[in-house]
Amino acid sequence: MLSAVPIEMWRIIFAYACIDGGRTGIALSSVSKLVRTLSTPYRFHSVRLATTRGISKFLTCYRIAVAAAAAEEIDTPRVRHLLLSFLPGETDMICLEGPVVGRDVYSYYEAKEAWNRRFAELTSNLLSLVGSHLETMTVLQSPGIPLPMIRCQLPALRELTLLGDDRLFVRLPGEPPNAYGLLEPSDNTFYPPCTGPLDFDAISTAPCFPALRRLHIVDGELKRVPWEMTLPVWAKLAPHLNILRISCARGPVLRAVQQTLRAPVPTFPTLCVLEIHPASEDPESVALAAEISFPKGADRTVPQDIPEKISSRAGDACTWRQRLEWEWQNRM
């Protein structure tokens, strides 16, 4: 059957097939040696990871595939699209919910500390390994499982989507105390290879996302540090940002957007499109969104087919998880 179809045609088929986060790539590697060899450059085209154990296994598998490709003198496999999902019930860290006693809190803190260390090391290794060719990334997270900060350099990343918070990439010097009382070791601890908050002089010289053109933020109710403090930082992290989309936008992020747009010197000088989707259940957000003055020359784009609703509760977050996963696949 394989010989009846030109090899170039099979390569096109493999390229279109491997956009489901890795399931098709895994299946292709088990068909035959020939199929595994032909599909190697495409099997890692899109990758979806949800646990630290999964990241560890992927790193091993990917390194083996890269070494095999070099030995067989075929194209090196590249990860172009990455989705990281660390939501309750899916990732390998529990959420501290309901009535708890001191013993539960201590055990949770101990477990979260260990998980943070594994997460920071493995995720940093992952982005270091695939970062030079990564084009799109979506990060799904929950206030119940805060993520520690990682340091990364993603020179080819053009699209980034963040559910709820940006603390995976942004920690500021002298952050205010935790306003929500969440028990989170990474609020005052940094895990290797990350050793401290952002160095603004360093990121001004070498931005983390120099090629980023589109940033999509889905606002969350329990953001650890307010948007008015972190949103302007993205102008330094991604100095060539063209499209900023904010979904389920509530008062704080809308006021932060208005503040950055009114700055005497443009905070986002290359911004062309600003998409604002106010939280539909919050009348204040709808009113604030209507009052935002868009930058001169920018387009106001508000698609009508996107469900603009998100909640900090894990059950409601599933709506956005599914929507963002669909968008991630659809934009490949």
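Our subject is the structure that appears above.
Quick caveat, the model's predicted, so the values are computed rather than measured. (Residues numbered from 1 in each chain as written. Predicted model: local features only at pLDDT ≥ 70, side-chain atom pairs only at ≥ 80, totals over all residues. Heavy atoms only, no water.)

Draft legend 1. Summary view of the pattern of salt bridges. This structure, assessed with the given rule, holds 13 salt bridges. For Arg 158, the salt bridge goes to Glu 159, with nearest N and O atoms at 3.4 Å. A salt bridge links Arg 224 to Asp 187, with the nearest nitrogen and oxygen atoms 3.2 Å apart. In this pair, Arg 224 sits in the loop between strand E5 (214–219) and helix H7 (227–230) while Asp 187 sits in the loop between strand E4 (159–164) and helix H6 (200–205), placing the two residues 37 residues apart along the sequence. Via salt bridges that share partners, Arg 80, Glu 135, Arg 158 and Glu 159 belong to a single interconnected network. (Salt bridge = Lys/Arg side-chain N within 4 Å of Asp/Glu carboxyl O. Helix = DSSP H or I, 4+ residues; strand = E, 2+ residues; numbered from the N terminus.)

Draft legend 2. Seen up close, the environment of Ile 243. Topologically, Ile 243 is positioned in strand E6 (residues 243–249). In this structure the C-alpha to C-alpha distance between Ile 243 and His 216, which are 27 residues apart in sequence, comes to 8.2 Å. The contacts of Ile 243, once residues within four sequence positions are left out, are Arg 213, Arg 214, Leu 215, Leu 271 and Val 273. (Contact = heavy atoms within 4.5 Å.)

Draft legend 3. The packing of helix H9 (residues 251–261) against helix H10 (residues 283–291), seen in detail. Viewed as axis vectors pointing N to C, H9 and H10 meet at an angle of 10 degrees, and their least axial separation amounts to 9 Å. Taken as axis vectors, H9 and H10 run roughly parallel relative to one another. Counting all contacts with H9, which are made through Gly 251, Leu 254, Arg 255 and Gln 258, the residues of H10 involved are Glu 284, Ser 285, Leu 288, Ala 289 and Glu 291. (Axes fitted to C-alpha atoms, helices over the stretch in contact; angles between N-to-C directions. Parallel < 35°, antiparallel > 145°, perpendicular 65-115°, else oblique.)

Draft legend 4. Looking closely at the packing of aromatic side chains. Applying the stated criterion across every chain, the model contains 9 aromatic pairs. A centroid spacing of 6.2 Å and a plane angle of 80 degrees characterise the contact between Phe 86 and Trp 115, whose relative ring orientation is edge-to-face. Residue Phe 86 is located in strand E2 (residues 81–86), and its partner Trp 115 is located in helix H5 (residues 102–130); the two are separated by 29 residues in the primary sequence. Of the two residues, Phe 86 and Trp 115, both sit in the buried class. Between the aromatic rings of Phe 86 and Phe 119, the centroid separation amounts to 5.0 Å while the plane-to-plane angle is 80 degrees, which identifies the pairing as edge-to-face. One end of the pair, Phe 86, is in strand E2; the other, Phe 119, is in helix H5, with 33 residues separating them in the sequence. Residue Phe 119 is classed as buried on the basis of its relative accessible area of 0%. Here the aromatic residues Phe 44, Phe 58 and Tyr 62 are joined through ring pairs into a cluster of three or more. The ring of Trp 227 is capped by Lys 223, whose NZ or CZ atom sits 4.3 Å from the centre of that ring. (Phe/Tyr/Trp six-rings, centres within 6.5 Å; stacked < 30°, edge-to-face > 60°. Buried < 20%, exposed > 50% of the residue type's maximum accessible area, 1.4 Å probe, protein only. Lys NZ or Arg CZ within 6 Å of the ring centre and 35° of its normal.)

Draft legend 5. Main features of unusual backbone geometry. Omega for the bond connecting Pro 192 with Pro 193 falls within 30 degrees of zero, at 5 degrees, which places this linkage in the cis form. By the element assignment, Pro 193 lies in the loop between E4 and H6. One non-glycine residue, Glu 73, adopts positive backbone phi at about 55 degrees. Take Glu 73: it is sitting in the loop between helix H4 (52–72) and E2.

Any functional reading would require information beyond the geometric quantities listed.
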